[in-house]
Amino acid sequence: MITEEKIKEATVGLLQRASTTLPSDILAALKEAYEKEDSPPAKMQLKAILDNVDIAGKNTKPICQDTGVPLFYVKIGKVYYGDIGKAINEGVMEATKKVPLRPNAVHPLSRKNPGNNVGRNMPYINYKVTGEPWLEIIAFPKGAGSENMSALAMLVPSQGVKGVKEFVLNTVVKAGSNPCPPTVIGVGVGGSADIAMKLAKEALLRPITQRHEEPEIAKLETELKDALNMLGIGPMGLGGRATVLGVNVEYAYCHTASLPVAVNVQCWAARKSSCRIHPDGKIEYL
Ligand code: SF4
């Protein structure tokens, strides 16, 4: 039995790791961007980002003052478990005090802030059932600067791949410096309006070094990344080569009369952390 106490403990550990460190693929891409950059202001920005990440890691402090809103992806395997939602809520409350996380979650209309990052439908938990012999949890805290630049378009099918590319490029141009570039761009194509948005965010869970398994989609990712890096927006919008660190695309079959496209923008602080909880209670951070 995986107890609620274990899920809570893992939630705190995941949020601590996600807030204070960057995944290795993102860190490597930032270092590579720094090496390749020849614009002095852009190089200076990348150096500041890398120094900041280094200091945060050494002091176990958040890498950005905006520690995001707590989003989770839970993969439920063939295991016995307690009340996952309750345990994650409690873990978020504890992590908010312990890490500490900025209390970002407010009522959308009254703007009332409970001060603990927990409210109706927040933390937001995406569930998936798997056949694995463990419970897997991914913490994906998302800052507002980048999330606010996300967009959806309901294209007509005749716009095709060209229309998809134009929408992604226009979204990144419109976002400019707001999402703290260099960014990672998640693109969701097909499904329905809500499915495309969901896929765009899920695309960000894949390492940026890993191309889509289908060659056509992998080609689209590479073409979009190359095109976006020709825009010259650069680190923090000060010009330069690195506008994006990566582009990941996911898709779903859709209605013959639809072509939804969604873009989820992720800032350089592309934080996420995952773990498996085994039936004996062992927490394995991945
Ligand atoms: S967009 Fe990202 S890096 Fe910029 S302030 Fe928000 S969380 Fe921090």
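This one's a predicted model, so the numbers in the text were calculated from it and none came from an experiment.

A.B. asks: Residue-level account of the environment of leucine 205, with values.
C.D. replies: Secondary-structure assignment places leucine 205 in the loop between helix H7 (193–203) and helix H8 (215–228). C-alpha of leucine 205 to C-alpha of alanine 270: the two residues are 65 residues apart in sequence and 9.5 Å apart in space. The residues contacting leucine 205, other than those within four sequence positions of it, are Tyr73, Ile138, Phe140 and Lys272.

A.B. asks: Any chance you could break down H7 for me, citing the residues and the numbers?
C.D. replies: For H7, the set of buried residues is Ala196, Leu199, Ala200, Lys201 and Ala203. Close packing links the buried residues of H7 with strand S1 (71–76), helix H5 (144–147), strand S4 (151–155), strand S5 (183–190), strand S6 (244–252) and strand S7 (259–266).

A.B. asks: Give me the packing of aromatic side chains: which residues, what numbers.
C.D. replies: Within the structure shown, the criterion is met by 1 aromatic pair. Here the aromatic rings of tyrosine 73 and phenylalanine 140 are separated by 6.4 Å at their centres, their planes lie at 55°, and the arrangement is tilted. Linking tyrosine 73 in strand S1 with phenylalanine 140 in the loop between strand S3 (135–139) and H5, this pair joins segments that are 67 residues apart in sequence. For phenylalanine 140, a relative accessible area of 1% puts it in the buried group. Across the ring face of tyrosine 285, the terminal group of arginine 17 is positioned such that the distance to the ring centre comes to 3.5 Å. One cation-aromatic arrangement involves lysine 43 over tyrosine 34; the distance from NZ or CZ to the ring centre is 4.3 Å.

A.B. asks: Please provide a residue-by-residue account of the domain arrangement of the protein, values included.
C.D. replies: Domain assignment breaks the protein into domain 1 (4–21 + 63–143 + 271–285) and domain 2 (144–266). Contact residues are listed per partner, giving 10 residues for domain 1 and 12 residues for domain 2. Taking both sides of the interface into account, the surface hidden between domain 1 and domain 2 amounts to around 870 Å²; carbon and sulfur atoms contribute 51%. On the surface where domain 1 and domain 2 come into contact, there are 1 salt bridge. With a closest N to O distance of 2.6 Å, glutamate 147 and lysine 142 form a salt bridge. On inspection of domain 1 and its partner domain 2, the count reaches 7 residue pairs in polar contact (both at pLDDT 80 or more).

A.B. asks: Please give an account of unusual backbone geometry that cites residues and values.
C.D. replies: With omega at 5°, the peptide bond leading from methionine 122 into proline 123 counts as cis. On the secondary structure map, proline 123 appears in the loop between helix H4 (84–98) and strand S2 (124–129). With an omega of 10°, the peptide bond running from proline 181 to proline 182 counts as cis. One non-glycine residue, asparagine 117, lies in positive phi territory at about 65°. Examined against the element boundaries, asparagine 117 turns out to sit in the loop between H4 and S2.

A.B. asks: Pulling in residues and values, what's your account of the sheet that holds S5?
C.D. replies: Spatially, 4 strands are ordered S4-S7-S5-S6 in an open sheet, and the strand pairing comes out mixed. Whereas interior strands pair on both sides, the edge strands pair on one side only; in this sheet they are S4 and S6. Across this sheet, the average inter-strand angle for adjacent strands is 15°, counted without regard to direction. Pairing analysis gives 6 bridges linking S5 to S7, with the strands arranged antiparallel. Opposite valine 184, over in S7, you have glutamine 266 as the bridge partner. Across the sheet, helix H6 (residues 160–175) lies against S4, S5 and S7, angled at about 30° from S7, the strand it touches most.

A.B. asks: Any chance you could break down the nonpolar core for me, citing the residues and the numbers?
C.D. replies: In this structure, Leu22, Ile26, Leu30, Leu245 and Trp268 are the most contacted members of the largest nonpolar core, which totals 26 residues. Breaking this core down by element, the ones donating at least two residues are helix H2 (24–36), helix H3 (40–59) and S1. No other element matches H3, which puts 5 residues into this core. Among the domains, domain 1 (4–21 + 63–143 + 271–285) and domain 2 (144–266) are the pair contributing at least three residues each to this core. Val79, Ile84, Ala87 and Leu101 belong to the second largest nonpolar core, which has 25 residues in total.

Reading guide: rules and limits
Residues numbered from 1 in each chain as written. Predicted model: local features only at pLDDT ≥ 70, side-chain atom pairs only at ≥ 80, totals over all residues. Heavy atoms only, no water. Helix = DSSP H or I, 4+ residues; strand = E, 2+ residues; numbered from the N terminus. Contact = heavy atoms within 4.5 Å. Buried < 20%, exposed > 50% of the residue type's maximum accessible area, 1.4 Å probe, protein only. Phe/Tyr/Trp six-rings, centres within 6.5 Å; stacked < 30°, edge-to-face > 60°. Lys NZ or Arg CZ within 6 Å of the ring centre and 35° of its normal. Domains from an automatic or database assignment. Buried area = accessible area lost by both parts, 1.4 Å probe. Salt bridge = Lys/Arg side-chain N within 4 Å of Asp/Glu carboxyl O. Polar contact = N/O pair within 3.5 Å; in protein donor to acceptor, adjacent residues only side chain to side chain. Pairing = 2+ DSSP bridges. Axes fitted to C-alpha atoms, helices over the stretch in contact; angles between N-to-C directions. Core = buried A, V, L, I, M, F, W, Y, C linked by side-chain atoms within 4.5 Å.

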